[in-house]
Amino acid sequence: MESLTLICTAALLCGGLLYWFVCILGPAEQKGKRAVDLSGGSISAENVQANYDKYSSFFRRPKEIEKSEKVPDFVDTFYNLVTDIYEWGWGQSFHFSPAVAGKSHLDATRLHEQMAVDLIKVKPGDRIVDVGCGVGGPMRAIASHSRAKVVGITINEYQVNRARLHNKKAGLDDLCDVVCGNFLEMPFDNDSFDGAYSIEATCHAPKLEEVYAEVYRVLKPGALYVSYEWVTTEKFNGDDQEHVEVIQGIERGDALPGLRSYADIAATAEKVGFVVVEEKDLAKPPALPWWTRLKMGRIAYWRNHIVIIVLSTLGIAPKGTVDVHEMLFKTADFLTRGGESGIFSPMHMILCRKPHAASHETSS
Ligand SMILES: C=C(CC[C@@H](C)[C@H]1CC[C@H]2C3=CC[C@H]4[C@H](C)[C@@H](O)CC[C@]4(C)[C@H]3CC[C@]12C)C(C)C
Ligand SMILES: C[S@@+](CC[C@H](N)C(=O)[O-])C[C@H]1O[C@@H](n2cnc3c(N)ncnc32)[C@H](O)[C@@H]1O
């Protein structure tokens, strides 16, 4: 009898512990993606490990990543590896946003996205482009908020399929369209959009000038473009070893050919012909820290790591997923350090206008 009680108590305790581990510690962010569905995007399961090794080798030989023409391919590989983990552990919007007192992460994310489309002043029925659209979290929020037609472009085919699926499920496929392509050579006509935005995407361009010039080309004269840029701030000191370690950690874990300084953004926009209307680091106080969400998730990341190890051992998650997750785990720490020290911002906002003619409009 006594051993039966012992067995029952132990079973109850184990069940309780499992429930706490999986449910109370926080289910992964989005109901849409489950741990058992984690894949290597368009990469077949048996090639995930090799592709991860190839991705990390770019950083072992720094010269590789400096070759601009290789960057889009390398970014595509990165998003094959991380897209499912992002969706599972973060949601459908692949960006940060300042925390907002009394609001959930999801609400804060939506506010940050709506601000972008409010800034470019579009009307219902206007056609706008989302430059580097991910799986379309921002696109859907922006289309519902503005009733503008949004065309997203991403280099990653797996994301195109995910985004189309989500658009359909959300009943927004009449307003949202997605194409697979390179934002350095967009498959769109000159002067064909009423507005454009990019959220934490142009940081992947080897040369910012090239992507800004493309956005400029496809915008109608008079139209506005807003971008949330990843930058090093005025607090970054290239002679400080710790600063350099943090910034290189961010570059390695986020497929960046090299973070640029906040001071270069407006000059680049002007160089391609834009008139700069406004420039502001949205991470600066009184905005609340964007990195608290990342920092607070640490216990859940441990839980996620164990789940991934188990799934990978059972052959459910592709071999290599553990390495990818470990890389993201480290990246979360570098990003948090970048935010806390103030040397890095993922939301340096620049708002620009394509002038009506090659006129002499001046920046405000
Ligand atoms: C703009 C970019 C991506 C920004 C963020 C959306 C992502 C940057 C780091 C990512 C993550 C780090 C830790 C992961 C965690 C270990 C895992 O268990 C669950 C997913 C993470 C939280 C993941 C989610 C997305 C990020 C926050 C870059 C690429 C230009
Ligand atoms: C961090 S994600 C941000 C996605 C989206 N803006 C969001 O906030 O959810 C960066 C996006 O830029 C896209 N991207 C990067 N380089 C690109 C390129 N050369 N051409 C097209 N898309 C690119 C990636 O495929 C990815 O969709």
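Predicted model only: the values in this text are computed from it and were never measured.

**Observations concerning the overall build of the protein**
From N to C terminus, the protein includes 13 helices and eight strands. Burial statistics for the protein: of 364 residues in total, 52% are counted as buried. Long-range contacts, defined as pairs at least 24 residues apart, comprise 79% of the intrachain contacts of the protein with a sequence gap of at least 6. Carbon together with sulfur atoms contributes 57% to the accessible area of the protein, which is approximately 17100 Å² in total.

**Re helix α5 (residues 105-119)**
Here α5 spans 21 Å end to end across 15 residues, near enough to the 21 Å set by a 1.5 Å rise per residue. Every buried residue of α5 is listed here: A108, T109, H112, E113, A116, V117 and L119. Following α5 by one or two positions, K121 adopts a phi angle in the positive range, close to 50°.

**With respect to a nonpolar patch on the surface**
The grouping of V36, I306, V310, L314 and I316 at the surface amounts to a nonpolar patch, some 430 Å² of accessible area in total. Inspection of the secondary structure puts I316 in the loop between α12 (298-313) and α13 (321-341). According to the relative accessible area criterion, I316 is partly exposed, its value standing at 42%.

**Observations regarding the side chain of T336**
By the secondary structure assignment, T336 is in helix α13. If near-sequence neighbours (up to four positions away) are discounted, T336 is found in contact with W291, L294 and K295.

**So, the UniProt feature "domain: SAM-dependent methyltransferase Erg6/SMT-type" (unreviewed entry) in the protein**
Residues annotated in UniProt with the feature "domain: SAM-dependent methyltransferase Erg6/SMT-type" (unreviewed entry) correspond here to residues 78-355. Secondary structure across residues 78-355 comprises 44% helix and 20% strand; the distance between its end C-alpha atoms is 36 Å.

**Details of the site of ligand 1**
Around ligand 1 lies a shell of 22 residues, among which Y79, Y86, W230, N304 and H325 are the nearest. Within the side chain of N304, an N or O atom sits 2.7 Å from an oxygen atom of ligand 1. At 2.6 Å from an oxygen atom of ligand 1 is found a side-chain nitrogen or oxygen belonging to H325. Put simply, the parts of the chain that give the shell around ligand 1 at least two residues each are α4 (71-89), α12 and α13.

**What about empty space enclosed by the protein?**
Gaps between atoms show up when a probe of the same size as a water molecule is rolled over them. Per the stated rule, a full pass over the model turns up one cavity of 30 Å³ or more. What the largest cavity holds in volume is close to 840 Å³. Lining the largest cavity are 50 residues, with F78, Y79, Y86, F94 and D254 sitting closest to its centre. When residues of the lining of the largest cavity are traced back to their parent elements, those giving at least two are α4, α6 (137-146), β2 (149-154), β4 (193-199), α12 and α13. In terms of residues, the lining of the largest cavity owes the most to one element, α4, which gives eight residues.

**Description of the site of ligand 2**
Taken together, the neighbourhood of ligand 2 is formed by 19 residues, with F94, G132, T154, Q159 and F183 sitting nearest. At 2.7 Å from an oxygen atom of ligand 2 is found a main-chain nitrogen or oxygen belonging to F94. Relative to its free-state accessible area of 590 Å², ligand 2 is covered by the protein chains to the extent of 97%. Using a 2 Å cut-off from the grid points, one finds that ligand 2 occupies the largest cavity.

Reading the values: rules and limits
- Residues numbered from 1 in each chain as written.
- Chains lettered and ligands numbered in written order.
- Predicted model: local features only at pLDDT ≥ 70, side-chain atom pairs only at ≥ 80, totals over all residues.
- Heavy atoms only, no water.
- Helix = DSSP H or I, 4+ residues; strand = E, 2+ residues; numbered from the N terminus.
- Buried < 20%, exposed > 50% of the residue type's maximum accessible area, 1.4 Å probe, protein only.
- Contact = heavy atoms within 4.5 Å.
- Areas by Shrake-Rupley, 256 points an atom, 1.4 Å probe, with all protein chains shown as cover.
- Expected span 1.5 Å × (residues − 1).
- Patch = residues over 30% accessible without salt bridge, like charges linked within 9 Å, V, L, I, M, F, W, Y side chains within 5 Å.
- Salt bridge = Lys/Arg side-chain N within 4 Å of Asp/Glu carboxyl O.
- UniProt positions renumbered as here; feature names shortened; annotations may be inferred.
- Near = heavy atom within 4 Å.
- Polar contact = N/O pair within 3.5 Å; in protein donor to acceptor, adjacent residues only side chain to side chain.
- 1 Å grid on protein atoms, 1.4 Å probe; cavity = no way out; pocket = protein on both sides within 12 Å on 5 of 7 lines; lining within 4 Å.
- Points joined across faces, edges and corners; volume = space filled by probe spheres on them.
- Sits in = over half its atoms within 2 Å of the grid points.

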